[in-house]
Amino acid sequence: MVQDLALEMTLIELISSRICHDLVGPVGAVNAGAELMGEDGVADDEALALMRKSGLEAARRLQLFRLAFGRAGNSVDTKSMRDAARQTYEAEGKVSLDWTDLGIDPAHGRVVLNMVMLAREALPFGGDITVSHESGRTTVLAEGKRAAFRPEVMEVLEKDVAADTLDPRTVHGFFVRNLANRTGGALSVLQQDGNIALIYV
């Protein structure tokens, strides 16, 4: 019981660190825009445009994190999850998301959303993410220049690791693998020549 509680606390801390890291940029830009207001040589409409753009980016990321990591993801339909991911990545402008198949069991939608987010992490220069579903098998394919997971991320995706070896960069892979197991499935990863396939069965 104590060990389980320690694991849960570690995951909470690491996921919180991860979320905060991803929100620092857009929230900081909102503050920068506010500081620019009224400064010599800076038009207020420029500062407002920066604040608006950064505020929307922060809102999109928060919605994505809410569905991926929060309890809301247990009760939201797959289309809402797809739309949240698509809006985030389209606004980013580096990744295209083809997720037209909505036949995924709603109970597994949260797993698939996290797989899509993991796939995005493996595309440092952008690329294409495709979600397909057939005969109970869901595949998230990531294609792009130098598409790859870091070795430490691959390790947590493929092996059981101790919670005290995790850090904010690897906790997401650990979370997705365990979420897949908890929903009665299994996650596997194929990685070669700029292509990565995350497979949930």
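These numbers come from a predicted model, not from an experiment.

Remark: helix H3 (residues 78-92) packs on helix H4 (residues 109-121), axes separated minimally by 9 Å, with the N-to-C direction vectors making an angle of 15°. The pairing of H3 with H4 is recorded here as roughly parallel in orientation. Every pair of crossing elements has a handedness; the one defined by H3 and H4 is right-handed. Counted together, Thr78, Met81, Ala85, Tyr89 and Glu92 of H3 and Gly109, Arg110, Leu113, Val116, Met117 and Arg120 of H4 form the full contact between these two elements. Per-class residue counts for the contact of H3 with H4 are six nonpolar, two polar and three charged.

Moving on, we come to the sheet that holds strand S5 (residues 195-200). With respect to topology, five strands assemble into an open sheet ordered S1-S2-S3-S5-S4, the strand pairing being mixed. Bordering the open sheet on either side are strand S1 (95-98) and strand S4 (187-192), each of which pairs with just one other strand. For this sheet, the mean angle separating the axes of adjacent strands, direction not counted, is 15°. Looking at chain direction, strand S2 (residues 127-134) and strand S3 (residues 137-143) are connected through seven bridges and run antiparallel. Residue pairing in the sheet places Val131 in a bridge with Val140 of S3.

Attention shifts here to H3. Three or four residues apart is the spacing at which side chains of an α-helix point the same way, because the helix has 3.6 residues per turn. In a regular helix each residue adds 1.5 Å, so 15 residues correspond to 21 Å; H3 covers 21 Å between its end C-alpha atoms and thus fits that length. Within H3 the residues assigned to the buried category are Thr78, Met81, Arg82, Ala84, Ala85, Thr88 and Tyr89. Axial view of H3: buried residues confined to an arc of 160°, hence all on one face. Its side-chain oxygen 3.1 Å from the backbone nitrogen of Lys79, Asp77 forms the N-cap of H3. Positive backbone phi, at 80°, marks Gly93, one or two positions downstream of H3.

Following the criterion strictly, the structure yields two aromatic pairs and no others. With centroids separated by 6.1 Å and ring planes inclined at 25°, the aromatic side chains of Phe65 and Phe69 adopt a geometry described as stacked. Residue Phe65 and its partner Phe69 are located together in helix H2 (residues 44-69), separated by four residues, close to a single helical turn. With a relative accessible area of 17%, Phe69 lands in the buried category. Between Phe69 and Phe175, the ring centres sit 5.4 Å apart and the planes meet at 70°, which makes this aromatic pair edge-to-face. You can see Phe69 sitting in helix H2 and its partner Phe175 sitting in helix H6 (residues 171-182), a full 106 residues away along the chain.

Calculation criteria
- Residues numbered from 1 in each chain as written.
- Predicted model: local features only at pLDDT ≥ 70, side-chain atom pairs only at ≥ 80, totals over all residues.
- Heavy atoms only, no water.
- Axes fitted to C-alpha atoms, helices over the stretch in contact; angles between N-to-C directions.
- Helix = DSSP H or I, 4+ residues; strand = E, 2+ residues; numbered from the N terminus.
- Parallel < 35°, antiparallel > 145°, perpendicular 65-115°, else oblique.
- Left-handed = near helix turned anticlockwise from the far one by under 90°.
- Contact = heavy atoms within 4.5 Å.
- Nonpolar A, V, L, I, M, F, W, Y, C, P; charged D, E, K, R; others polar.
- Pairing = 2+ DSSP bridges.
- Expected span 1.5 Å × (residues − 1).
- Buried < 20%, exposed > 50% of the residue type's maximum accessible area, 1.4 Å probe, protein only.
- Arc of directions from axis to C-beta.
- Polar contact = N/O pair within 3.5 Å; in protein donor to acceptor, adjacent residues only side chain to side chain.
- Phe/Tyr/Trp six-rings, centres within 6.5 Å; stacked < 30°, edge-to-face > 60°.

That is the geometry; function is a separate question.
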